[in-house]
Amino acid sequence: MNIVHVILYAIVPIIVVMLVGYIAGKRGAFTGEDSKKFNKVVLVYALPAALFVSIVDASREMLVKDIKLSIISLVVIMFCFMTVYFIYKWCFRKNPPGSAAVMALISGSPTIGFLGFAVLEPIFGTTPYVALVVAIVGIVVNAVGIPVGLSLLNAAKEKEAAQLAAQGGTATATAGGSGTPAKPVVHESFWKPVLHALAQPVAWAPILAVIWVVIGIPWPKWASPSFDLIKGANASMAVFSAGVTLSSVKIVINWQAILGSILKLIMMPALLLIVGIIFKMDPLNLKMLVVAGVLPPAFSGIIIADERDTYVATGTSSLALSVILFMGFCPLWIWITEACLAHATW
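Rules and cut-offs
Residues numbered from 1 in each chain as written. Predicted model: local features only at pLDDT ≥ 70, side-chain atom pairs only at ≥ 80, totals over all residues. Heavy atoms only, no water. Buried < 20%, exposed > 50% of the residue type's maximum accessible area, 1.4 Å probe, protein only. Helix = DSSP H or I, 4+ residues; strand = E, 2+ residues; numbered from the N terminus. pLDDT = per-residue confidence, 0-100. Contact = heavy atoms within 4.5 Å. Axes fitted to C-alpha atoms, helices over the stretch in contact; angles between N-to-C directions. Left-handed = near helix turned anticlockwise from the far one by under 90°. Nonpolar A, V, L, I, M, F, W, Y, C, P; charged D, E, K, R; others polar. Phe/Tyr/Trp six-rings, centres within 6.5 Å; stacked < 30°, edge-to-face > 60°.

Let's talk about unusual backbone geometry
Here's step 1: Its identity as a non-glycine residue notwithstanding, Lys280 has a phi of 55 degrees, on the positive side.
Here's step 2: Residue class for Lys280 comes out partly exposed when judged on its relative accessible area of 47%.

Spelled out as structure tokens, the structure:
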């Protein structure tokens, strides 16, 4: 694969569009609240449409071929997710309660929904294979990672509230130790976040498309243009929104933010590559999976951190640093993957 092509057709466009969003945000044309609305358009409408119409063009043979991809994606990404959680839980015990769960949601998950198509399609082409990788990783992140992260975050908040209640105190610990009264903690079962995640279009749309293909119902070609128009807004709006988001936050780089970037941009793609080679994944699927793994941290983690007022500054700083470093790490990991596959024995 030509690295120059990757840089010019996948990396540079992202830099340009994200920079436009950043400048627009700095000039006051859009705000952080506007970026949340853009994100909603992407996650609720554009991305589900892109996933559905792309996957229904696949075949049963492709789905069978991707079973190994699904298992490896689930195991490795959730292993990285929990590794980030335990590192921040045990190495930074003085952090606010729930901060480890927030960092797992950010640095333990790739932002596949926002940048998946924007990065993978210019590199690997507009094919059902790309859509399946985006869908599989997206389901892992949204239907497994987010519910687990929310459950860990709720457990930490409940533990803090119980300790303060036992001491007869009032909860005042918040993100960054600001002293602002903490929001009331509401007990939620593990299954409530799971069901909520599965109810989102970004989760059920690709699942519905897979069921459609398995049943063997032919997809009418005349129906695709109705999805293609909103599908086209997915990548451009997601990248522009990322730029607006970065313009609306104060970035303070510290060692915890740097560690989050290292775990995301090095640990995850490295493990995906190693496990993929060990279990002899299809080379094309492995390349796409490694690129998906090196994507910047999930923006959904920042949204959750902001809603729960937990660890927002460090989480956002780690995300911003990862976005910048991604520009160099993406072509590097593509080169490393191709070098490893060239010496593979299958």
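Now that the structure is up, let's keep going.
Focus on the environment of Lys40
Here's step 1: Of note, Lys40 is situated in helix H2 (residues 32-55).
Here's step 2: The exposed category is assigned to Lys40, whose relative accessible area is 54%.
Here's step 3: Along the sequence, Lys40 and Ala238 sit 198 residues apart, while their C-alpha atoms lie 9.7 Å from each other.

What about the confidence of the model for the protein chain?
Here's step 1: With 90% of its residues at a pLDDT of 70 or more, the protein chain has an overall mean of 83.
Here's step 2: Put simply, helix H8 (residues 191-198) is where the protein chain has its lowest mean pLDDT, 68, and helix H13 (residues 283-293) is where it has its highest, 95.
Here's step 3: Of the regions scoring below 50 in pLDDT, residues 170-180 engages in 25 contacts with residues more than four places distant in sequence or in other chains.

Some thoughts on the packing of helix H4 (residues 67-91) against helix H5 (residues 99-107)
Here's step 1: Their axes nearest at 8 Å, the elements H4 and H5 cross at an angle of 145 degrees. Between H4 and H5 the crossing geometry is right-handed. Residues Phe81, Val84, Tyr85, Tyr88 and Lys89 of H4 form the contact with H5, whose participating residues are Ala100, Ala101, Met103, Ala104, Leu105 and Ser107.
Here's step 2: A per-class count over the contact of H4 with H5 returns nine nonpolar, one polar and one charged.

Structural notes on the packing of aromatic side chains
Here's step 1: Under the defined criterion, the tally for this structure stands at 10 aromatic pairs.
Here's step 2: A centroid spacing of 5.3 Å and a plane angle of 70 degrees characterise the contact between Phe30 and Phe38, whose relative ring orientation is edge-to-face.
Here's step 3: Classification of Phe30 as partly exposed rests on a relative accessible area of 28%.
Here's step 4: You can call Phe38 buried: its relative accessible area is 18%.
Here's step 5: Through a chain of ring-to-ring contacts, the aromatic side chains of Phe52, Trp212, Trp219 and Phe227 assemble into a single cluster.

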